Amino acid sequence: MSGHNLYLILLSTVTIIAVVVALKTPLFIKDERERTYQVINFLLGIIGGYIFASPLGGILLGVAKESGEIVLTVHRRLFNQDMMLSLARTLMFWVLGGFFGSHALEYFRQSTLLLLGT
C-alpha cells in the first residue's frame, strides 16, 4: 500500500469523524430535521462519488438536485437568507460526500480486503 493511499484513508477518516460530529450534535445545525436532511445528502454524495469513481459525480448530482430545489423555491417566492445558508451547507455535504465516495471508499475496501487476506 502506497503512502498516497494511506494518506487518503486517513483524510477520509478525519472527514467522516468531522461530518459525524457536525451532524450528531446541535453545535453546527440546530434543527434535527435539517441535520437528517444533510445526512441524506452526504450519503447520496458518497454513493454518487463511488458509482462514478469521481468526486465530480457526487458534486454534479448535488448541484442538479439543489438547482431543482432553488427553482421551486424561487418560483414559490420563498427564497431568503436562511434558504441561501441551507443551500450552502447542503452543497458542502454533497462535495464532502462526493470526495469521500470517490477517493476513500475504494482504497478503504482494498485495505480491508488486504488486511483480511481475501
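Shown above is the structure to which this text applies.
A brief report on the enclosed structure follows. Worth saying up front: this structure is predicted, and the values here are computed from it rather than measured.

Conventions adopted
Residues numbered from 1 in each chain as written. Predicted model: local features only at pLDDT ≥ 70, side-chain atom pairs only at ≥ 80, totals over all residues. Heavy atoms only, no water. Helix = DSSP H or I, 4+ residues; strand = E, 2+ residues; numbered from the N terminus. Buried < 20%, exposed > 50% of the residue type's maximum accessible area, 1.4 Å probe, protein only. Contact = heavy atoms within 4.5 Å. Areas by Shrake-Rupley, 256 points an atom, 1.4 Å probe, with all protein chains shown as cover. Salt bridge = Lys/Arg side-chain N within 4 Å of Asp/Glu carboxyl O.

1. Observations regarding the overall build of the chain
Within the chain, the secondary structure is distributed over four helices and zero strands. Secondary structure of the chain in N-to-C order comes out as α-α-α-α. The buried share of the chain, taken over its 118 residues, is 31%. For the chain, contacts bridging at least 24 residues in sequence account for 74% of all contacts bridging at least 6. Roughly 7900 Å² of accessible area belongs to the chain as shown, and the carbon and sulfur atoms make up 73% of that amount.

2. Focus on the side chain of Glu 66
If you trace the backbone, Glu 66 turns up in helix α3 (residues 55-75). Apart from the residues lying within four places of it in its own chain, the contact partners of Glu 66 are Tyr 37, Asn 41, Leu 87, Thr 90, Leu 91 and Trp 94.

3. Observations regarding the pattern of salt bridges
This structure, assessed with the given rule, holds four salt bridges. A salt bridge links Glu 34 to Arg 89, with the shortest nitrogen-to-oxygen separation between them at 3.7 Å. Here the residue Glu 34 occupies a position in helix α2 (residues 32-52), and Arg 89 occupies one in helix α4 (residues 81-116), the gap between them amounting to 55 residues. What makes Glu 34 buried here is its relative accessible area of 15%. A salt bridge links Lys 65 to Glu 66, with the nearest nitrogen and oxygen atoms 3.0 Å apart.

Everything listed here is a matter of geometry and, on its own, says nothing about what the molecule does.
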